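Chain by chain, the residues:
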Amino acid sequence: MANRAYLYAIKKEDKKAIGMGECNYAIPFVFKLLVSSNTQIIPSMIFQSNELIALQGDFEKGKQKLYAFLDELLVTPEIQFDELTYKIENTRKFLETIEADYIYLDCAEIYDMTDEPLEKQNKKLVDEINNIDKELANFYKKLMDVVVKYKNLKNSFPNKGLFLNRRRKKVEQELEQVKREIDDMLFLDWWSNILYYNI
């Protein structure tokens, strides 16, 4: 089984947890953004431990932060790429089906990939989230670099010359690789109510 970060929405009245998404071997930026309002360090709801290794934030405020981020992507020409609008619309549709008070983020399995104490890693994540504006600026820059790389590859698609089919295949493979990198960074295609753990 892969080590994953798990994201849930929680209703205050009945403590019901609604699955939102899980990510193998990484903590997506959108997960951090969603849990970045009124962030609190809490024990895990998944794993039996008294350690403070999970996070909780305000659902509605976190959702609005995510929407502002997505709106910014749509009006930034340098970041435009194929299917972006479609991915953003699907994200909005998914989130609008959820009624909740809190966002719950559990990264204990990600932390467990290293020897550093889990609580210490969770505190580092909180420090990142408390500086979310700085994280956002860094994320935009990294995303822009990858999108520019994608566009340059598309513009360089070979149409003539020796070994044309071989060269086209190579560029197609590079395009697919960079496209996956963009998708992994944004993590807008992986929303799901069905997660490995039902809490």
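Structure's up top.
This write-up is about the structure you can find in this document. (Residues numbered from 1 in each chain as written. Predicted model: local features only at pLDDT ≥ 70, side-chain atom pairs only at ≥ 80, totals over all residues. Heavy atoms only, no water.)

1. Observations regarding helix H6 (residues 132-155)
Spanning 24 residues, H6 covers 34 Å between terminal C-alpha atoms, matching the ideal 34 Å at 1.5 Å per step. What H6 keeps buried is the set Ile132, Leu136, Phe139, Tyr140, Leu143, Val146, Val147, Tyr150 and Leu153. (Helix = DSSP H or I, 4+ residues; strand = E, 2+ residues; numbered from the N terminus. Expected span 1.5 Å × (residues − 1). Buried < 20%, exposed > 50% of the residue type's maximum accessible area, 1.4 Å probe, protein only.)

2. Section: the sheet that holds strand E4 (residues 54-58)
A sheet is described by the order of its strands in space; here five strands give the open sequence E2-E1-E5-E4-E3, paired in antiparallel fashion. Taken across any chain shown, the strands that pair with only one partner, and hence form the sheet edges, are strand E2 (17-24) and strand E3 (40-42). Taking the axes of each pair of neighbouring strands and ignoring which way they run, one obtains an average angle of 25° across the sheet. With seven bridges connecting them, strand E1 (residues 4-10) and E2 associate as antiparallel partners. Each bridged residue has a counterpart across the sheet, and for Ile10 the counterpart in E2 is Ala17. Packing against the sheet, helix H5 (residues 118-130) makes contact with E3, E4 and strand E5 (102-106), and its axis sits at approximately 25° to E4. (Pairing = 2+ DSSP bridges. Axes fitted to C-alpha atoms, helices over the stretch in contact; angles between N-to-C directions. Contact = heavy atoms within 4.5 Å.)

3. Section: the state of the cysteines
Per the stated rule, a full pass over the model turns up zero disulfides. Of all cysteine sulfurs in the structure, the one in Cys107 sits closest to Cys23, which takes part in no disulfide; the separation is 9.5 Å. By relative accessible area, Cys107 is classed as buried at 1%. (Disulfide = S-S within 2.5 Å.)

4. So, the packing of helix H2 (residues 59-74) against H6
Helix packing geometry: the angle between the two helix axes and the distance between the axes. Between H2 and H6, whose axes approach to 13 Å, the crossing angle comes to 30°. Accordingly, the angle class assigned to the pair H2 and H6 is roughly parallel. Crossing angle aside, the handedness with which H2 passes H6 is right-handed. On H6, the residues touching Lys65, Phe69, Glu72 and Leu73 of H2 are Ile132, Leu136, Phe139, Tyr140 and Leu143. Taken together, the residues of the contact of H2 with H6 sort by class into seven nonpolar, no polar and two charged. (Parallel < 35°, antiparallel > 145°, perpendicular 65-115°, else oblique. Left-handed = near helix turned anticlockwise from the far one by under 90°. Nonpolar A, V, L, I, M, F, W, Y, C, P; charged D, E, K, R; others polar.)

5. Observations regarding the pattern of salt bridges
Tallying each qualifying case throughout the model produces 14 salt bridges. Where Asp189 meets Lys87, a salt bridge forms, and the shortest distance between an N and an O atom there is 2.5 Å. Linking Asp189 in the segment after helix H7 (164-186) with Lys87 in helix H3 (residues 84-96), this pair joins segments that are 102 residues apart in sequence. As a salt-bridge pair, Lys124 and Glu116 come within 2.8 Å of each other at their nearest N and O atoms. If you follow the salt bridges from partner to partner, you end up with Glu83, Lys87, Lys179, Asp183 and Asp189 in one network. (Salt bridge = Lys/Arg side-chain N within 4 Å of Asp/Glu carboxyl O.)

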